[in-house]
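Coordinate analysis (summary)
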Amino acid sequence: MLERDTRRLFTPALRAELGAIAARAAALDADDSFPDEDVAGLAATGTLAMPFAGGEGATMDPDDLMETLRAIGHASLPLGRLFEGHVNAAALLRRYGTPRQREEAARRAQDGALFGVWNTEATDGVRLVRRGGGLELEGRKIFASGAGHVASPLITACDEAGDLLMVLLRLDGGLRADLSGWKAHGMRASASGSYSFSGLPVTPEDIIGGPGDYHRQPHFSAGAWRFCAVQLGGIERLVEEGRAFLRRHRRDGDPHQRARMGEAAIAAETARLWVERAARLAEAEETATEAGAAEDAVAYVYLTRCAVERSGLEVMEAVQRSIGLAAFLRPSPVERLCRDLATYLRQPAPDRMLCEGAAHVLGQERPLRELWR
Ligand SMILES: Cc1cc2nc3c(=O)[nH]c(=O)nc-3n(C[C@H](O)[C@H](O)[C@H](O)COP(=O)(O)OP(=O)(O)OC[C@H]3O[C@@H](n4cnc5c(N)ncnc54)[C@H](O)[C@@H]3O)c2cc1C
């Protein structure tokens, strides 16, 4: 029986902080920027510490976590991306870390450390090599959110036997970070640059779990519901901005505008329904313990990713067409939100997600109403 953490993540203190975070988002929309103040706000409200608290195998309430990710994404998609990585690191530590590793990480999170998960790499990916009787890292990660700012990234590294391991590091500066390649259309403040690990020593205590744990299913794939929740917050914000513009310009009575806003509202609510169900399925106890339930949950999350991507694209089109050219002019918040959302919607292998989700549906004899428990 898994222990469910009953403490709330979406606290009144966090709710109060979100206004300031949203107000800072426009100023942070620049190359090489990073939301230091926002992260400090998350630390001050206990939002960084909470995902690391709780005993072995403890899980968080999916509805509470979804509302938190959604609300932070609504205020700032770059901050939402960073916080989603922080929560992912906490989930991996809860699942695979030793009690000592978990306690140490919880202490660091309590002290305000931001964690992240850095897995993506180019041809010079990270390897764990033996050198001088010890272990050392070689290579670099790319698209590493918070590069130069995240104090405790959990990275993947291939050892000499070819096994993929997780290594939790404690970095003390940004010298190895390179943001020169992160000249991004949107999500600029996520600082998703590259980071070189070559020469950094690793002790056995830094290694989290065993070979292959990072990709272990269903958690690896099902956990994608969390970035969908952040994206949902951005999608809803965009509908709200479109609505505000139409009302301000007294164009909200026009039937074409109403039709488009109706479509946008349907798309946003569709995304919400998928994400809410995905969160509950992904975090359900049966998903962790029963093979059939795990396969159902993974397929559901694959389809959720597709549904949320489609909703985001539809909402962007509807809002841009409703507002017109003004939606493309800085400093319109819609201009920035569309760039952030369009960038953040680019996640790995979307075609494969649809195909594998579809293959699961095609392979089942059960009626559709019984497919997703
Ligand atoms: C804002 C942001 C922050 C990020 N932060 C992090 C981070 O902190 N840590 C981290 O590890 N990663 C991070 N990433 C990277 C992320 O995990 C993915 O690696 C990245 O988003 C993949 O996007 P892509 O469009 O290049 O994907 P791709 O998978 O390359 O997809 C591009 C297109 O190619 C298709 N395709 C994919 N594979 C094949 C194939 N084999 N043959 C033919 N077609 C194919 C896809 O269906 C799609 O149409 C971040 C990404 C973003 C956008």
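Residues numbered from 1 in each chain as written. Predicted model: local features only at pLDDT ≥ 70, side-chain atom pairs only at ≥ 80, totals over all residues. Heavy atoms only, no water.

Taken domain by domain, the protein chain comprises domain 1 (4–114), domain 2 (127–208) and domain 3 (219–370). Between the C-alpha centres of domain 2 and domain 3 the distance comes to 31 Å. Between domain 2 and domain 3, the contact holds four residues from the first and five residues from the second. Both faces combined, the contact of domain 2 with domain 3 buries some 480 Å², and carbon together with sulfur accounts for 64% of it. The three residues of domain 2 that bury the most area against domain 3 are H185, G186 and M187, which together make up 84% of that side's buried surface. Inspection of the domain 2/domain 3 interface yields zero salt bridges. Inspection of the domain 2/domain 3 interface yields three residue pairs in polar contact (both at pLDDT 80 or more). (Domains from an automatic or database assignment. Contact = heavy atoms within 4.5 Å. Buried area = accessible area lost by both parts, 1.4 Å probe. Salt bridge = Lys/Arg side-chain N within 4 Å of Asp/Glu carboxyl O. Polar contact = N/O pair within 3.5 Å; in protein donor to acceptor, adjacent residues only side chain to side chain.)

It is worth spelling out the UniProt feature "domain: Acyl-CoA dehydrogenase/oxidase C-terminal" (unreviewed entry) in the protein chain at this point. With numbering aligned to this structure, UniProt lists the feature "domain: Acyl-CoA dehydrogenase/oxidase C-terminal" (unreviewed entry) at residues 221–341. The span residues 221–341 is 84% helix and 0% strand, and its two end C-alpha atoms sit 21 Å from each other. (UniProt positions renumbered as here; feature names shortened; annotations may be inferred. Helix = DSSP H or I, 4+ residues; strand = E, 2+ residues; numbered from the N terminus.)

A cis amide bond links Q217 with the next residue in sequence, P218, at an omega value of 5°. Along the chain, P218 falls in the loop between strand 12 (207–208) and helix 6 (219–222). In this model, R330 is joined to P331 through a cis peptide bond whose omega is 5°. If you trace the backbone, P331 turns up in the loop between helix 10 (291–323) and helix 11 (333–344).

For the rest of this paragraph, the subject is the packing of helix 7 (residues 225–248) against helix 11. Each pair of packed helices gets described by two things: the angle between the helix axes and the distance between those axes. At their nearest, the axes of helix 7 and helix 11 sit 10 Å apart, and the two run at 155° to each other. Classified by the interaxial angle, the pair formed by helix 7 and helix 11 is roughly antiparallel. Viewed along their axes, helix 7 and helix 11 form a crossing whose handedness is left-handed. Contacts from F227, V230, Q231, I235, R237, L238 and E241 in helix 7 reach P333, V334, R336, L337, C338, L341 and Y344 in helix 11. Residue classes in the contact of helix 7 with helix 11 are distributed as 10 nonpolar, one polar and three charged. (Axes fitted to C-alpha atoms, helices over the stretch in contact; angles between N-to-C directions. Parallel < 35°, antiparallel > 145°, perpendicular 65-115°, else oblique. Left-handed = near helix turned anticlockwise from the far one by under 90°. Nonpolar A, V, L, I, M, F, W, Y, C, P; charged D, E, K, R; others polar.)

As a further point, take the pairing of strand 5 (residues 134–138). In terms of burial, strand 5 is a largely internal element, four of the five residues being buried. As consecutive antiparallel partners, strand 4 (residues 127–131) and strand 5 are separated by two residues, and within that stretch G132 has a phi angle of approximately 55°, a positive value. Pairing geometry for strand 5 and strand 11 (residues 201–202), over two bridges, is antiparallel. Of the residues in strand 11, the one forming a bridge with E136 is P201. (Buried < 20%, exposed > 50% of the residue type's maximum accessible area, 1.4 Å probe, protein only. Pairing = 2+ DSSP bridges.)

A few words now on the sheet that holds strand 9 (residues 177–178). Taken in spatial order, the three strands of this open sheet run 6-10-9, and their pairing is antiparallel. Of all strands in the sheet, those bounded by a partner on one side alone are strand 6 (140–144) and strand 9. When strand 9 meets strand 10 (residues 193–196), the two strands line up antiparallel, connected through two bridges. By the bridge assignment, A177 is partnered in strand 10 with Y195.

Scanning the entire structure with this criterion turns up five cavities of 30 Å³ or more. Of the pockets and cavities examined, the largest cavity occupies roughly 90 Å³. As a volume, the second largest cavity reaches approximately 80 Å³. Around the second largest cavity, the lining residues are A25, L28, D29, P35, D38, S76, P78, R188, A189, R336 and D340. Among the residues forming the lining of the second largest cavity, the class breakdown is five nonpolar, one polar and five charged. (1 Å grid on protein atoms, 1.4 Å probe; cavity = no way out; pocket = protein on both sides within 12 Å on 5 of 7 lines; lining within 4 Å. Points joined across faces, edges and corners; volume = space filled by probe spheres on them.)

On to a nonpolar patch on the surface, then. A cluster of nonpolar side chains, namely L325, F328 and L329, defines an oily patch on the protein surface of about 340 Å² accessible area. Structurally, F328 is set in the loop between helix 10 and helix 11. For F328, a relative accessible area of 47% puts it in the partly exposed group. (Patch = residues over 30% accessible without salt bridge, like charges linked within 9 Å, V, L, I, M, F, W, Y side chains within 5 Å. Areas by Shrake-Rupley, 256 points an atom, 1.4 Å probe, with all protein chains shown as cover.)

Let us look at the packing of helix 4 (residues 77–96) against helix 11. Between helix 4 and helix 11, the least distance of the axes is 10 Å, while the angle of their chain directions is 30°. Relative to helix 11, helix 4 is oriented roughly parallel. Residue-level contacts link L77, P78, R81 and E84 of helix 4 to L337, D340, L341 and Y344 of helix 11. Across the contact of helix 4 with helix 11, the residue classes tally to five nonpolar, no polar and three charged.

What follows is about the pattern of salt bridges. This model, assessed by the stated rule, comprises 28 salt bridges. Across the pair R70 and E67 runs a salt bridge whose closest N-O atoms are separated by 3.1 Å. With R70 and E67 both in helix 3 (residues 62–75), this residue pair falls three residues apart, about one helical turn. Residue E276 pairs with R272 through a salt bridge whose shortest N-O separation is 2.8 Å. With E276 and R272 both in helix 8 (residues 255–283), this residue pair falls four residues apart, about one helical turn. With a relative accessible area of 17%, R272 lands in the buried category. Through salt bridges with shared partners, a single ionic network connects D63, E269, R272, E276 and R280.

Counting 90 residues, the largest nonpolar core has L137, F197, W225 and L238 as its most contacted members. Apart from the residues lying within four places of it in its own chain, the contact partners of L137 are V126, R127, L128, I155, A157, L169, F197, S198, G199, L200 and V202. With 16 residues, the next largest nonpolar core counts A90, L92, V117 and M166 among its residues. (Core = buried A, V, L, I, M, F, W, Y, C linked by side-chain atoms within 4.5 Å.)

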